Amino acid sequence: MRAALLLKPQKITMGTIAGPLPSPDEVVIHPDRIGICGTDISFYLGHRIVPYPFVLGHEVIGRITAVGEGVANISVGQRVIVEPNYPCGTCRLCLAGHGAVCAMKKSMGVNVPGCLSEFVVAPAEFVWPLPDSISDQDAATIEPLAVSMHALLKSGVRPGDTVCVLGCGVVGLLLIHAAVAAGVRVIAHDRLASKLEMARRLGAEIPETDEDAATLWQRREVVAVFECAGASATVELALNAAPRGSQVILLGLSSSPASFLPMRIVREGINIVSSMIYDHPADFKNVIKMVAKGALSPACVVTNTYSFEAVGEALQLASTGEAGKIHIRMA
Ligand SMILES: [Zn+2]
Ligand SMILES: [Zn+2]
């Protein structure tokens, strides 16, 4: 089968590799549409290393082409989406419902082959049929929406509350989209004017004054600050400026240290919460239902669509950080 192969950092080539056969409880999918994600970019840029050649990609919708022994709930020809993180299901954390942080977790396009290829294999337990009412564009954007929704639900914010989103990449923008749909007011911050414009169109308020963040958030009674930028500067801003009694929800993946004043966190009752991807199976089930009934339309963050042959170009654009969600359409 044809596959986009990462040969070394920033070097993608179209190649031919053996197609997958389904083991028991697995299915094979022919992708229709694939979303490019920050994870793909970190491998593409060489910030994370994989054994080369490697097939990237994990945000995928497509049609079932083969099912393995024992698969009963899914059949050939069905249109599906993959929930691309597979916790082991048996460790202490999995049994306690924290599979998102399972140390044995397998993730498509991270430690098992990705979907930027003609066919991809996935465990049937993590493959969801897609209702016809969901467009391909919306469907292929469900995975990052599940990440944002998980954080929003974890924060427990309610209609009428005001929250703040730091970082308007795809996860930040989808968090704004989900929050606004839930009747939550959002103040958005980003370095890039183009991202702020997208946030504004999704219903977020963009601060115009030179008022510093701490004063603004306090004046507006912000109850939760979502750190989606994944930079130490924004983590520090969140922890040092979050209003008394509020929550700081960390979603971004910053690998550099951030400093904060523990005394302030304790004295002012700031709750620091981490939110890692989504819980299986509750979050995907919920998000698919919300998109199917038209309550959310995550395709609102898609800015560019490329052909499979142009994957290299798509990854190059994605790595500038200037686009919204980029999709690959398979022929
Ligand atoms: Zn992703
Ligand atoms: Zn586990």
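Residues numbered from 1 in each chain as written. Chains lettered and ligands numbered in written order. Predicted model: local features only at pLDDT ≥ 70, side-chain atom pairs only at ≥ 80, totals over all residues. Heavy atoms only, no water.

## Describing the coordination of the zinc ion (ligand 2)
- Within the protein, the zinc ion (ligand 2) binds to Cys 88 (SG), Cys 91 (SG), Cys 94 (SG) and Cys 102 (SG); these donor distances fall in the range 2.3 to 2.4 Å.
- Here the zinc ion (ligand 2) is ringed by 4 donor atoms whose angles at the metal span 105 to 115 degrees, and the overall shape comes out tetrahedral.
- On the primary sequence, the residues serving as donors to the zinc ion (ligand 2) are separated as C-x2-C-x2-C-x7-C. Of this pair, Cys 91 sits in the loop between β6 (85–86) and α2 (92–95) while Cys 102 is found in the loop between α2 and β7 (106–107), placing the two residues 11 residues apart along the sequence. (Donors = N, O, S within 2.8 Å, 3.2 Å for Na, K, Ca; no water. Tetrahedral: all angles 85-135°; square planar, octahedral: opposite > 155°, others 65-115°. Helix = DSSP H or I, 4+ residues; strand = E, 2+ residues; numbered from the N terminus.)

## Considerations on the coordination of the zinc ion (ligand 1)
- Ligation of the zinc ion (ligand 1) by protein atoms is provided by Cys 37 (SG), His 58 (NE2), Glu 59 (OE) and Glu 143 (OE), these donors lying 2.2 to 2.8 Å from the ion.
- Geometry at the zinc ion (ligand 1) is irregular, judged from the 4 donor atoms that bind it and their angles of 78 to 159 degrees at the metal.
- We note that the donor set of the zinc ion (ligand 1) lies within a single chain, spaced as C-x20-H-E-x83-E. Highlighted residues: Glu 59 in strand β4 (residues 59–67) and Glu 143 in helix α4 (residues 142–155), separated in sequence by 84 residues. Comparing Glu 59 with Glu 143, the two get one shared label, buried. (Buried < 20%, exposed > 50% of the residue type's maximum accessible area, 1.4 Å probe, protein only.)

## Quick notes on empty space enclosed by the protein
- All chains considered together, the criterion is met by 1 cavity of 30 Å³ or more.
- Estimates place the volume of the largest cavity at around 30 Å³.
- In terms of lining, the largest cavity is formed by Glu 83, Asn 85, Pro 87, Gly 99, Ala 100, Ile 277, Tyr 278, Asp 279 and His 280.
- Its residues assigned to classes, the lining of the largest cavity comprises 4 nonpolar, 3 polar and 2 charged. (1 Å grid on protein atoms, 1.4 Å probe; cavity = no way out; pocket = protein on both sides within 12 Å on 5 of 7 lines; lining within 4 Å. Points joined across faces, edges and corners; volume = space filled by probe spheres on them. Nonpolar A, V, L, I, M, F, W, Y, C, P; charged D, E, K, R; others polar.)

## Overview of the nonpolar core
- Counting residues in hydrophobic clusters, the biggest one holds 47 residues, and the most contacted among them are Ile 142, Ile 176 and Phe 226.
- At the level of elements, α4, β10 (162–166), α5 (170–181), β11 (185–189), α6 (193–201), β12 (222–227) and α10 (282–292) are the ones that each hand at least two residues to this core.
- The residues that make up this core include at least three from each of domain 1 (2–130 + 297–329) and domain 2 (145–274).
- Here Ile 176 is in contact with Val 165, Cys 168, Val 186, Ala 188, Ala 199, Leu 202 and Ala 204, once residues within four sequence places are set aside.
- Counting residues in each nonpolar core, the second largest holds 43 residues, with Phe 54, Tyr 306, Ala 323 and Ile 328 among its members. (Core = buried A, V, L, I, M, F, W, Y, C linked by side-chain atoms within 4.5 Å. Domains from an automatic or database assignment. Contact = heavy atoms within 4.5 Å.)

## Observations concerning the domain arrangement of the protein chain
- When the domains of the protein chain are assigned, the result is domain 1 (2–130 + 297–329) and domain 2 (145–274).
- Computed from C-alpha atoms alone, the centre-to-centre distance between domain 1 and domain 2 is 28 Å.
- Taken together, the contact between domain 1 and domain 2 spans 10 residues of the former and 10 residues of the latter.
- Counting the surface lost from both domain 1 and domain 2, the interface buries some 760 Å², and carbon and sulfur atoms represent 77% of this.
- On the domain 1 side of the contact with domain 2, Pro 298, Cys 300 and Val 301 bury the most area, a combined 51% of that side's loss.
- In this assembly, domain 1 and domain 2 are joined by 0 salt bridges.
- Across the domain 1-domain 2 interface, the total number found is 3 residue pairs in polar contact (both at pLDDT 80 or more).
- Taken together, the residues of the side of domain 1 that touches domain 2 sort by class into 4 nonpolar, 4 polar and 2 charged. (Buried area = accessible area lost by both parts, 1.4 Å probe. Salt bridge = Lys/Arg side-chain N within 4 Å of Asp/Glu carboxyl O. Polar contact = N/O pair within 3.5 Å; in protein donor to acceptor, adjacent residues only side chain to side chain.)

## Notes on the pattern of salt bridges
- All told, the structure shown has 9 salt bridges when counted by the stated rule.
- With a closest N to O distance of 2.5 Å, Glu 309 and Arg 2 form a salt bridge. With a gap of 307 residues between them, Glu 309 in the loop between β15 (302–307) and α11 (311–320) and Arg 2 in strand β1 (residues 2–8) connect regions that are remote in the sequence.
- For Arg 2, a relative accessible area of 33% puts it in the partly exposed group.
- The residue Glu 205 makes a salt bridge to Arg 220 at a minimum N-O spacing of 2.7 Å. With a gap of 15 residues between them, Glu 205 in the loop between α6 and α7 (213–219) and Arg 220 in the loop between α7 and β12 connect regions that are remote in the sequence.
- Taking relative accessible area as the criterion, Glu 205 reaches 33% and is therefore assigned partly exposed.
- Here the residues in one salt-bridge network are Glu 197, Arg 200 and Arg 201, joined through shared partners.

## Structural notes on unusual backbone geometry
- Following Tyr 52, the chain continues into Pro 53 via a peptide bond in cis, with omega recorded as -10 degrees.
- For Pro 53, the position within the fold is in the loop between α1 (38–44) and β4.
- The amide bond that connects His 280 to the next residue, Pro 281, takes the cis arrangement and shows omega of -5 degrees.
- Not every positive phi belongs to a glycine, and Asp 25 is a case in point at roughly 65 degrees.
- One can find Asp 25 in the loop between β2 (11–16) and β3 (26–36).
- Residue classification places Asp 25 among the partly exposed positions, given a relative accessible area of 46%.

## Looking at the packing of α4 against α5
- Close contact between α4 and α5 brings their axes to 8 Å; oriented N to C, the two are set at 60 degrees. It follows that α4 is oblique to α5 by the angle criterion. Where α4 crosses over α5, the handedness of that crossing is right-handed. Residues Pro 144, Leu 145, Val 147, Ser 148, Met 149, Ala 151 and Leu 152 of α4 touch α5, and the partners they reach there are Val 170, Val 171, Leu 174, Leu 175, Ala 178 and Ala 179. (Axes fitted to C-alpha atoms, helices over the stretch in contact; angles between N-to-C directions. Parallel < 35°, antiparallel > 145°, perpendicular 65-115°, else oblique. Left-handed = near helix turned anticlockwise from the far one by under 90°.)

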